[in-house]
Amino acid sequence: MGSHCGCRGFNHHQRKVNPELTSDSNQNAGSQSADLHSDLSEETIKAIALRHPLRNIFAVFLLIGLVAFLVDASHREIYDWPTFSKYLFNHRVLSGVLVTLQLTAYAMVFAVLLGIVLAVMRQSPNPILKSVAWTFIWFFRGTPVYVQLVFWGLLSTVYPSITFGLPFVGDLATIPSINNLSLFVLAVIGLTLNESAYMAEIVRAGLLSVDRGQEEAAKALGMGWGLSMRRIIIPQAMRIIIPPTGNEVISMLKTTSLVTAIPLTIDLYMATRDISANTYKPVPLLLVASTWYLVFTSFLMVLQYFLERRFARGYAHMGLQVQDQPLEGLGGG
Amino acid sequence: MNQQYMVKAEKVRKNFGANEVLKGVSLNVSPGEVLCLVGPSGSGKSTFLRCINHLEVVNAGRLYVDGELIGYRESGDRLHELKPREAAAQRREIGMVFQKFNLFPHLTALENVIEAPIRVKKVAKAEAIKRGKELLSRVGLASKYDSYPAHLSGGQQQRVAIARALAMDPKLMLFDEPTSALDPELVGEVLDVMRELAESGMTMIVVTHEMGFAREVADALVFMDNGVIVESGKPADVLLNPQHERTKTFLSKVL
């Protein structure tokens, strides 16, 4: 395929050169040399490959190390593979998996929505909206998520109840007890607020990446702000937003293991900790937890690949497609 | 009161901060007329064009399209800024073609054309597709319905952009240097489409450096410099027999 294309390119070049040659003999010489060259270009090059001894030695060492590790791990007492297989599909572990997945899904969905709101607020001409968004992002990015989760666990102590009222009118409504909020909801709130600060920056970068002309073209067609955001700007921003968001989902899946700070103790990590507290075998259960985290992060990586492909429509492989298509319609009008 | 004109500009002024870009521009365009705006870069011609569909807000003066005040509502002697929804409704009637095409890169040629009719004018999808295909074949792109903008040449992209603007059935078309970003060999195909459009009776305002096109197609030519109209008239008169020194120097450089 490659040599065929090269040949075609050469002939094309030759056609351009020929008109400059005036005498017949010159022309013959030109076409002879063309034949010679095209014979050469059709012959596949067989050269002796460059050797990379250091690289190969390093690779062999790595391989030996890896095999030694695996062989050792396969019958090292403390890994306790029988216990690992016994608990891999244990019902407490599986319900922990479910909680971890739910926490990840809820927190990410709400964080993306809140992140979009924050990103749009940061671009607002209104200085108050702008600075509120900035301060929110500053605070929630600037403090550790573990500390934030401990705080959400203490929410009912800090605010036993919340009352809305007006001066001279009195109390209007009271949310009686934050205690009624389950630990699960507090965990989702805590993870969401922290994550939304990161998502806001990712969404903002995406929005800024879209050419200003796109918004103008949408406006000129009579589209309102909401419509042009939904149909024109955000679909294009997604190309920039998706890769880092995929990383955030993977990161969130693992961050859920910190909800013990709330303390929510029914997620995957805490489920395995609970079991090992009874069995006195922490290592195989850490392996159980790691296995499940890896299963889902791997799944998310595949999902991210397909999403990226979906939103690259109209961008990928530009040069190639133009070559494949016949250039008709160029002279139309 | 302005019904006889498609576009009526009265002493339009526009400044960006301390920089006054338009210093009182007045002109009229009749329905079916083709007006070419020429002048050196920075003369304010593009800004004036963008004011007509309210992409820029004028600071003084009045702009009417088909008798309707652009960007404001007049009640008594006060002007009220239009709500975004009302401004959008005004723009719907005015087609605009940009120097850099500004096609939507994530949509195919046909999707670019049918997007606004379906979403803004609420045209039924099947009908929009039928009309979109008609428009694309009218601009010579019948085989390119499913191509993404990145797979089209500059000239093809600009012709899709013209079809996209026409799909909204505008009563006025604005062209902002439609051929300036094109390779020289692709300019002709876009001008051909514009010429055909002018012959079909569309009212057009064209900011351009293509003097040949202006002379052949335009009914009127306006030469702007430094935010004011220096000279205007029949294209042949202005181009062949310019009255002002500034026009003469400019034309001697571009012709």
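Computed from a prediction, not measured in an experiment: that's the story for all the values here.

K.L.:
How should I be thinking about the overall build of chain B in this particular structure?
P.N.:
Across its full length, chain B carries nine helices and 12 strands. At 18 Å, chain B has a C-alpha radius of gyration in line with the 18 Å of a compact globule built from 255 residues. Dimensions along the principal axes, computed over C-alpha positions, put chain B at roughly 50 × 50 × 35 Å. Residues counted as buried form 56% of the 255 residues belonging to chain B. A separation of at least 24 residues holds for 64% of the contacts in chain B among residues at least 6 apart in sequence.

K.L.:
Looking at this structure, I do not really get the environment of Leu88(A). What am I missing?
P.N.:
Residues and elements named next belong to chain A. Summarising the element assignment, Leu88 is placed in helix 4 (residues 81–88). On the accessibility criterion, Leu88 (13% relative accessible area) is buried. Each C-alpha atom of the pair Leu88 and Leu287 lies 8.9 Å from the other, and the pair is 199 residues apart in sequence. Residues in contact with Leu88, not counting those within four places in the same chain, are Val93, Leu94, Val288, Thr291 and Trp292.

K.L.:
How should the pattern of salt bridges be read in this particular structure?
P.N.:
It is possible for side chains of opposite charge to pair when their charged atoms get near one another. Considering all chains together, one arrives at 23 salt bridges over all chains under this definition. A salt bridge links Arg212(A) to Glu216(A), with the shortest nitrogen-to-oxygen separation between them at 3.6 Å. Here Arg212(A) and its partner Glu216(A) are both found in helix 10 (residues 212–220), four residues apart, which amounts to about one turn of the helix. For Arg212(A), a relative accessible area of 61% translates into the label exposed. For Glu216(A), a relative accessible area of 12% gives the class buried. Among the salt bridges present, the one from Glu20(B) reaches Arg13(B), with a minimum N-O distance of 2.9 Å.

K.L.:
Any chance you could explain unusual backbone geometry here in plain terms?
P.N.:
If a residue is not glycine, its phi is most likely negative; likewise, a peptide bond is most likely trans. Geometrically, the link from Ile262(A) to Pro263(A) is a cis peptide bond, its omega value of 10 degrees lying close to zero. Its location among the elements puts Pro263(A) in the loop between helix 11 (225–255) and helix 12 (268–279). In this structure, Phe101(B) takes a positive phi of about 65 degrees despite not being glycine. Its place among the elements puts Phe101(B) in the loop between strand 8 (94–97) and helix 3 (109–119). Accessibility expressed as a relative area gives 11% for Phe101(B), which makes it buried. Residues other than glycine seldom take positive phi values, yet Asp169(B) does so here, at roughly 50 degrees. Locating Asp169(B) in the fold gives a position in the loop between helix 5 (154–166) and strand 9 (172–176). Given a relative accessible area of 44%, Asp169(B) falls into the partly exposed group.

K.L.:
It is not clear to me how the packing of helix 5 (residues 91–122) of chain A against helix 9 (residues 183–209) of chain A should be interpreted in this structure. Could you clarify?
P.N.:
What describes two packed helices is the angle between their axes and the distance between those same axes. Residues and elements named next belong to chain A. Direction vectors running N to C along helix 5 and helix 9 enclose 45 degrees, while the axes themselves pass 5 Å from each other. Regarding the angle of helix 5 to helix 9, the classification is oblique. The handedness of the crossing between helix 5 and helix 9 is right-handed. For the contact of helix 5 with helix 9, the per-class residue count stands at 22 nonpolar, four polar and four charged.

K.L.:
I would appreciate a short explanation of helix 10 of chain A in the present structure.
P.N.:
Turn by turn, an α-helix covers 3.6 residues, leaving residues three or four places apart pointing in a common direction. For helix 10 of chain A, the complete set of buried residues consists of Gly213(A), Gln214(A), Glu216(A), Ala217(A), Ala218(A) and Ala220(A). Where the residues of helix 10 of chain A are buried, they touch helix 11 of chain A together with helix 1 (45–52), helix 2 (84–91), strand 8 and helix 5 of chain B. One or two steps after helix 10 of chain A, the chain reaches Gly222(A), where phi turns positive at roughly 85 degrees.

K.L.:
In this structure, what is going on with the sheet that holds strand 12 (residues 228–233) of chain B? I would like to understand it.
P.N.:
Residue and element names in this part refer to chain B. Pairing is mixed in the open sheet, where six strands are placed in the order 8-9-10-3-11-12. Strand pairing shows two members of the sheet lacking a second neighbour, strand 8 and strand 12, which therefore form its edges. Here the strands of the sheet are splayed against their neighbours by 20 degrees on average, with no regard to which way each runs. Taken together, the four bridges between strand 3 (residues 34–38) and strand 11 (residues 220–225) define a ladder with parallel strand orientation. Bridging from a neighbouring strand, Val38 pairs with Phe223 of strand 11. Here helix 6 (residues 184–199) sits on the sheet in contact with strand 3, strand 9 and strand 10 (204–207), set at roughly 155 degrees to strand 10. Each of strand 11 and strand 12 is contacted by helix 9 (residues 245–254), which is oriented at about 100 degrees to strand 11, the strand it contacts most.

K.L.:
Would you mind going over the pairing of strand 3 of chain B with me for this structure?
P.N.:
It is a general feature of regular strands that their side chains alternate between the two faces of the sheet. All names here are of chain B. Within strand 3, five of the five residues are buried, leaving the element largely enclosed by the surrounding structure. Side chains Val34, Cys36 and Val38 project from strand 3 onto one buried face, and the interleaved Leu35 and Leu37 project onto a second face that is buried too. In the sheet, strand 3 pairs with strand 10 via four bridges, with the strands oriented parallel. Looking at the pairing, Leu37 lines up with Val207 of strand 10.

K.L.:
Is there a simple way to think about the environment of Leu286(A) in this case?
P.N.:
Its place among the elements puts Leu286(A) in helix 13 (residues 282–311). If near-sequence neighbours (up to four positions away) are discounted, Leu286(A) is found in contact with Tyr269(A) and Arg273(A).

K.L.:
Please explain helix 6 (residues 127–142) of chain A as it appears in this structure.
P.N.:
Residue and element names in this part refer to chain A. A rise of 1.5 Å per residue sets the reference length of helix 6, with its 16 residues, at 22 Å; its end C-alpha atoms lie 22 Å apart and thus fit the reference within 8%. Listed in full, the buried residues belonging to helix 6 are Ala133, Phe136, Ile137 and Phe140. For helix 6, the angular spread of buried residues about the axis comes to 95 degrees, placing them on one side. Along helix 6, the residues that are exposed and aim more than 90 degrees away from the buried face are Pro127, Ile128, Trp138 and Gly142. Tucked into the core, helix 6 has its buried residues touching helix 5, helix 7 (145–153) and helix 9. Near the N-terminus of helix 6, the side chain that reaches the backbone nitrogen of Ile128, with its oxygen 2.8 Å away, is that of Asn126.

Rules of the game
- Counting of residues starts from 1 at the beginning of each chain's written sequence and follows it residue by residue.
- Here the convention is simple: chains get letters from A, ligands get numbers from 1, in the order in which they are written.
- Totals for whole chains, interfaces and linings use all residues, but because this is a predicted model, local features are given only for residues with pLDDT of at least 70 and pairs of side-chain atoms are given and counted only at 80 or more.
- Each side-chain value is worked out from all heavy atoms of the structure, with water and hydrogens disregarded.
- Helix and strand labels come from DSSP, where a helix needs a run of H or I of at least four residues and a strand needs a run of E of at least two; each type is numbered from the N terminus.
- The quantity called the radius of gyration is restricted to C-alpha atoms. Its globule counterpart is 2.2 Å times the number of residues to the power 0.38.
- Buried, partly exposed and exposed residues are distinguished by accessible area as a fraction of the type maximum, computed with a 1.4 Å probe on protein chains only: under 20%, between the cut-offs, and over 50%, respectively.
- We call two residues in contact when some of their heavy atoms are within 4.5 Å.
- The working definition used for a salt bridge is a side-chain nitrogen of Lys or Arg within 4 Å of a carboxyl oxygen of Asp or Glu.
- Fitted lines through C-alpha atoms give the axes, limited to the stretch in contact for helices. The angle between two N-to-C directions lies from 0 to 180 degrees.
- Here the angle decides the label: under 35 degrees means roughly parallel, over 145 means roughly antiparallel, 65 to 115 means roughly perpendicular, and every other value means oblique.
- Take the far helix as your reference; a near helix turned counterclockwise from it by less than a right angle gives a left-handed crossing, and one turned clockwise gives a right-handed crossing.
- Following the grouping adopted for this structure description, the nonpolar residues are Ala, Val, Leu, Ile, Met, Phe, Trp, Tyr, Cys and Pro, the charged ones are Asp, Glu, Lys and Arg, and the polar ones are all others, Gly among them.
- Two strands form a pair only when DSSP identifies at least two bridges running between them.
- The span you would expect from a helix comes to 1.5 Å times its residue count less one.
- Arc definition: it is the arc formed by the directions from the helix axis to the C-beta atoms.
- Polar contacts, as used here, are pairs of N or O atoms within 3.5 Å; protein pairs need one atom able to donate a hydrogen and one able to accept it. Residues neighboring in sequence count only if both atoms are side-chain atoms.

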